Amino acid sequence: MRTTRAQRFWVSALGLVVAAIFFFPTYWMLTTALKTPGQVLSPAYDLVPLSVTLVNFASALGKAGFLSFLVNSLVVTLGSVACALAAGLLAAVPLARMRFHGRRGFLLLVLVAQLAPLEALFVPMYLIMRDADLLNSLAGLLLVYVAFTLPFTVWTLRGFVKGIPVELDEAAMVDGCGRWGVFRRITLPLLGPGLVSTSVFSFVTAWNEFLYALVFLRDVDKQTLPVWLSSFKTAFGTDWGGVMAASVVYAIPALVFFVLVRRRLLSGGVSGAVKG
Amino acid sequence: MATPTTAAPPRDTPGAGRRRPRAALGEPAVPYLMLAPAVVVMLALLAWPAVQVLGISFRKLDLGELVRGEVVWVGFDNYAEILTDPVFWSATARTVVFTAAVVAATVALGLGVGVLMRHLGAVVRTLLQISLVLAWATPIVATTTVFQWMFDQEYGILNKTLVLLGFDSFQGHSWFATGASTLTVIGLLVLWQATPFIGFTLYAGLVTTPRDLYEAAAIDGASPWQAFRAVSWPSLRPMLTLVAFLSVLWDFKVFTQVWAIRQGGPDGSSTTLPVLLYLKGISGSHFGVAAAVAVLMLVVLVAVTWRYLRLLVRSPETEL
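Remember, predicted model here, so these are calculated numbers, not experimental data. (Residues numbered from 1 in each chain as written. Chains lettered and ligands numbered in written order. Predicted model: local features only at pLDDT ≥ 70, side-chain atom pairs only at ≥ 80, totals over all residues.)

### With respect to the overall build of chain B
Here is step 1: Along its length, chain B carries 13 helices and 2 strands.
Here is step 2: For chain B, the proportion of its 320 residues judged to be buried stands at 40%.
Here is step 3: When contacts within chain B are restricted to residue pairs at least 6 apart in sequence, those whose partners lie at least 24 apart make up 69%. (Helix = DSSP H or I, 4+ residues; strand = E, 2+ residues; numbered from the N terminus. Buried ≥ 20, exposed ≤ 12 C-beta atoms within 10 Å, placed from the backbone. Contact = placed C-beta atoms within 7 Å.)

See below:
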């Protein structure tokens, strides 16, 4: 489409404004974290920080138990991502490639499970975990997160496995590969984007999850970061600088994860799952 | 993020030989064994709780029964209790209005952002994409605390800015004094977090529309609006339906933000259904009543999305 210079200018200007709006809360979180407590609670209008201090990070990291919350969150999140990927991959291959009795039933189970509103299931989940003696333990929470993310993982990975031309499998088999060889040499290497987009999804889900963490983990030392951060009022008083510093620290692993996978993400993170 | 890739997503080309069954290699149990872990987890932690929640909703299950391990069937008592409770009805109305408003706003803004990205030059588009990814990646609770801070009564940047612009009445204005105002802030928060995903998804749909089609439309003398209607819209529509459907599912269940901001307050006036569920179940230990709320919540959700659910279950993606 032909556009004039003026049009292009206004479109760019609009783009910059929208970018600024979406950037602002992140910016504000970071700059508040870098201000001294006196500057934070000042009536002055201070969009741009005049000086930078790390005192808030020191106080946030020094809060009792912060590091154990961070470790708890990392353990639960990375553990559930790994389990969901392993179980999801195992299930995706037969669903995409093999023919067997009950396949349609499995597919429907996965599809319906994806739509399950997990917030509505916490009462029975609480009772199940209580009976299994997994309440108040990270293992119980990890299991729940695996269950949450597994249907999407299976569904997406199945889409990606189907996207690999079956002729490649056949060629490898002609060359003497067994099923395992095909999986290791053909399917797995070509599944890169699928594994990436599903692991982003699982990571974000588990890293963010709040309700079940709030319900399950009663002991303070078992809690994960979101639960702890949401109760900041008791932990910090009105120390907004400290809260913002803690939020930045909490956000960093998620941001790192996104940066690691950004190229895959922008080139169609949901394409395996979504056929418009 | 120097080079945002806009490559076409991998496609399922429906090749003729694609679904040809491979000769079974003599191990009929293999697919079942491979499926077993996933199926066990889904049955134990999704299907079984779903059955359970229905069962519990017909039982009286408070702390006493729970500790004694009693099973007391009470029929529809829990439902009667909930359905005659005005709190439930106001929470339902609030949740439906909140969901409708937030979904409409996110889809509209997401579409705007998607279209905008397509028309931007590489530099500005990259900047926009960076800020969108930041908004998307920032964890919910972190964003919630930032919004609380921006909307803070005393030192929040919003009130400061409004006062600077001459709206002196916002000096010390509390954004969390009423339920409507609290939910508006929560809605903005959800909007900010949810738009990037929708924007990127729709943008991916737009860039995979062949350029020739736009050129053909231009040659035929179509205005940009006509080109959008005739070329972009048909390919966007199914994606729009999908993201709207997903947004309904997500926004209906928003709990974290509501709980973290005011626990459904002030005076329960920002209590949505998921918050009510939590209050009944965990805070009040009325598990039976909470289960009834959960079942009713599902009923509302299924009623709202019924048409699309049917479409989805019948879609060719579920084919054998």
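On we go.
### Details of the overall build of chain A
Here is step 1: A tally of helices and strands in chain A yields 15 helices and 0 strands.
Here is step 2: For a compact globule of 276 residues, the expected C-alpha radius of gyration is about 19 Å, and chain A comes in at 23 Å, more than 25% above that figure.
Here is step 3: By principal-axis analysis of the C-alpha atoms, chain A measures approximately 75 × 65 × 35 Å.
Here is step 4: Within chain A, the fraction of its 276 residues that count as buried is 47%.
Here is step 5: In chain A, once contacts between residues fewer than 6 apart in sequence are set aside, the share between residues at least 24 apart is 77%. (Rg over C-alpha atoms; globule rule 2.2 N^0.38 Å.)

### What to know about unusual backbone geometry
Negative phi values dominate among residues other than glycine, just as trans dominates among peptide bonds.
Here is step 1: Although it is not a glycine, A:Asn136 sits at a positive phi angle of roughly 65°.
Here is step 2: As for its position among the elements, A:Asn136 is in the loop between α6 (122-131) and α7 (138-163).
Here is step 3: Phi is positive for B:Asp267, which is not a glycine, with a value near 55°.
Here is step 4: Relative to the elements of secondary structure, B:Asp267 occurs in the loop between α11 (256-262) and α12 (273-283).
Here is step 5: We classify B:Asp267 as exposed; it has 10 C-beta atoms within 10 Å.

### Let's talk about the interface of chain B and chain A
Here is step 1: In this complex, chain B contributes 89 residues to the contact, which on the side of chain A involves 87 residues.
Here is step 2: No other element matches the 15 residues that helix α1 (residues 30-56) of chain B contributes to the side of chain B that touches chain A.

### Regarding the domain arrangement of chain A
Here is step 1: Segmentation of chain A into domains returns domain 1 (5-57) and domain 2 (64-230).
Here is step 2: A straight line from the C-alpha centre of domain 1 of chain A to that of domain 2 of chain A covers 36 Å. (Domains from an automatic or database assignment.)

### Thoughts on helix α10 (residues 224-252) of chain B
Residue and element names in this part refer to chain B.
Here is step 1: A rise of 1.5 Å per residue sets the reference length of α10, with its 29 residues, at 42 Å; its end C-alpha atoms lie only 35 Å apart and thus fall more than 12% short of the reference.
Here is step 2: The axis of α10 is deflected most strongly, by about 55°, at Trp233, and proline Pro234 appears within four residues downstream.
Here is step 3: Taken as a whole, α10 has its buried residues at Val231, Ser232, Leu236, Met239, Leu242, Val243, Leu246, Ser247, Asp251 and Phe252.
Here is step 4: For α10, the elements touching its buried residues are α4 (86-119), α8 (179-207), α9 (211-219) and α13 (287-314). (Expected span 1.5 Å × (residues − 1). Bend = angle between axes of the 7 residues up to and from the residue.)

### Re the nonpolar core
Here is step 1: Counting 157 residues, the largest nonpolar core has A:Leu141, A:Ala147, B:Met42 and B:Val293 as its most contacted members.
Here is step 2: Take this core: its biggest share by element is 16 residues, from α7(A).
Here is step 3: Residues lining this core come from more than one domain, with at least three contributed by each of domain 1 (5-57) and domain 2 (64-230) of chain A. (Core = buried A, V, L, I, M, F, W, Y, C linked by C-beta atoms within 7 Å.)

### Quick notes on the environment of A:Gly242
Residue and element names in this part refer to chain A.
Here is step 1: Positionally, Gly242 belongs in helix α14 (residues 240-260).
Here is step 2: Under the C-beta neighbour-count criterion, Gly242 is labelled buried, with 26 such atoms within 10 Å.
Here is step 3: As a C-alpha pair, Gly242 and Leu168 span 74 residues in sequence and 55 Å in three-dimensional space.

### Quick look at the environment of A:Trp10
Here is step 1: Mapped onto the fold, A:Trp10 is located in helix α1 (residues 5-33).
Here is step 2: Each C-alpha atom of the pair A:Trp10 and A:Leu134 lies 57 Å from the other, and the pair is 124 residues apart in sequence.

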